[in-house]
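So the chains spell out like this:
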Amino acid sequence: MKMNYLTELMNARNLTAVDVARMSGLNVSTVRYVMEQETAEHCYKKTQIALANALGVTPRELTKGGKTMKDKILKSELETAVERLISAARK
């Protein structure tokens, strides 16, 4: 089973399709379409590049994953968790 690294990274960073569309310059429907796919591997190359650039990863990481992508997802999850803890502590 393949993994949709776009969705994984978005979840780790607590980003919505609207957020990523704004960041990448793509339509929200395009971002949602890629999210619904098993992988971003089969979308247009220019779409892969726009998404990868917006999220600070390479198109290869976005489509194929690998250790560096898994590390980036984990780092994003940790950063999001720390931000939530800080926000909760301030309240």
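Structure shown above.
Summary of the structure given here.

What follows deals with helix α4 (residues 45–55). Among the residues of α4, those classed as buried are Thr47, Gln48, Ala50, Leu51, Ala52, Ala54 and Leu55. Buried positions along α4 lie against α1 (5–13), α2 (17–24), α3 (28–36) and α5 (59–64).

Side-chain pairs of opposite charge can arise where the charged atoms are in close proximity. The final tally for this structure, using the stated rule, is four salt bridges. A salt bridge links Lys64 to Glu41, with the shortest nitrogen-to-oxygen separation between them at 2.4 Å. One end of the pair, Lys64, is in helix α5; the other, Glu41, is in the loop between α3 and α4, and 23 residues separate them in sequence. Of the residues examined, Lys64 reaches a relative accessible area of 45% and is grouped as partly exposed. Accessibility expressed as a relative area gives 23% for Glu41, which makes it partly exposed.

Below, the discussion takes up the nonpolar core. Formed by 19 residues in total, the largest nonpolar core has its most connected members in Leu6, Val31, Leu51, Val57 and Leu62. Elements with a minimum of two residues in this core: α1, α2, α3, α4 and α6 (67–90). When residues of this core are assigned to their parent elements, the largest contribution, five residues, is made by α1.

Before going further, it helps to spend a moment on α6. Look at α6: 35 Å from first C-alpha to last across 24 residues, which is about the 34 Å you get at 1.5 Å a residue. Met69, Ile73, Ser76 and Thr80 are the residues of α6 that are buried. Summarising the contacts, the buried residues of α6 are in contact with α1 and α5.

Right, let's talk about the environment of Gly66 for a bit. Mapping Gly66 onto the fold places it in the loop between α5 and α6. Linking Gly66 and Glu79, residues 13 residues apart in sequence, is a C-alpha distance of 20 Å.

The residue Leu62 is located in helix α5 in this model. On the accessibility criterion, Leu62 (0% relative accessible area) is buried. Taking C-alpha positions, Leu62 is 6.3 Å from Ala52, a pair spaced ten residues apart along the chain. Non-local contacts of Leu62, meaning those with residues more than four positions away in its chain, are made with Tyr5, Leu6, Ala40, Gln48, Leu51, Ala52, Val57 and Met69.

Packing of α1 against α6 leaves a shortest axis separation of 7 Å and a crossing angle of 25°. One finds that α1 runs roughly parallel with respect to α6. Only Met69, Lys70, Lys72, Ile73, Ser76, Glu77 and Thr80 of α6 make contact with α1, whose side of the interface consists of Tyr5, Glu8, Leu9, Ala12 and Arg13. A breakdown of the residues in the contact of α1 with α6 according to their chemical character gives five nonpolar, two polar and five charged.

Criteria and thresholds
All residue numbers here refer to positions counted from 1 along the written sequence of the relevant chain. A pLDDT threshold of at least 70 governs which residues receive local features in this predicted model, and a stricter bar of 80 or more applies before side-chain atom pairs are shown or counted, although totals over entire chains, interfaces and linings include all residues. The basis for the side-chain values is all heavy atoms of the structure; hydrogens and waters are excluded. Between buried and exposed lies partly exposed: a residue is buried under 20% and exposed over 50% of the maximum accessible area for its type, with that area taken using a 1.4 Å probe on protein chains only. Numbered from the N terminus, helices here are DSSP runs of H or I no shorter than four residues, and strands are runs of E no shorter than two. We call two residues in contact when some of their heavy atoms are within 4.5 Å. Between Lys or Arg on one side and Asp or Glu on the other, a salt bridge is scored when a side-chain nitrogen of the former is within 4 Å of a carboxyl oxygen of the latter. To define a nonpolar core, start from buried Ala, Val, Leu, Ile, Met, Phe, Trp, Tyr and Cys residues and group those joined through side-chain atoms within 4.5 Å. In a helix, the anticipated span is given by 1.5 Å times the number of residues less one. A fitted line through C-alpha atoms serves as each axis, taken over the contacting stretch for helices, and the angle formed by two N-to-C directions is quoted from 0 to 180°. Just so you know how the angles are binned, under 35 degrees is roughly parallel, over 145 roughly antiparallel, 65 to 115 roughly perpendicular, and the rest oblique. Three categories are distinguished: nonpolar for Ala, Val, Leu, Ile, Met, Phe, Trp, Tyr, Cys and Pro, charged for Asp, Glu, Lys and Arg, and polar for the others, with Gly belonging to the last.

Shape is all these values report; function is a separate question.
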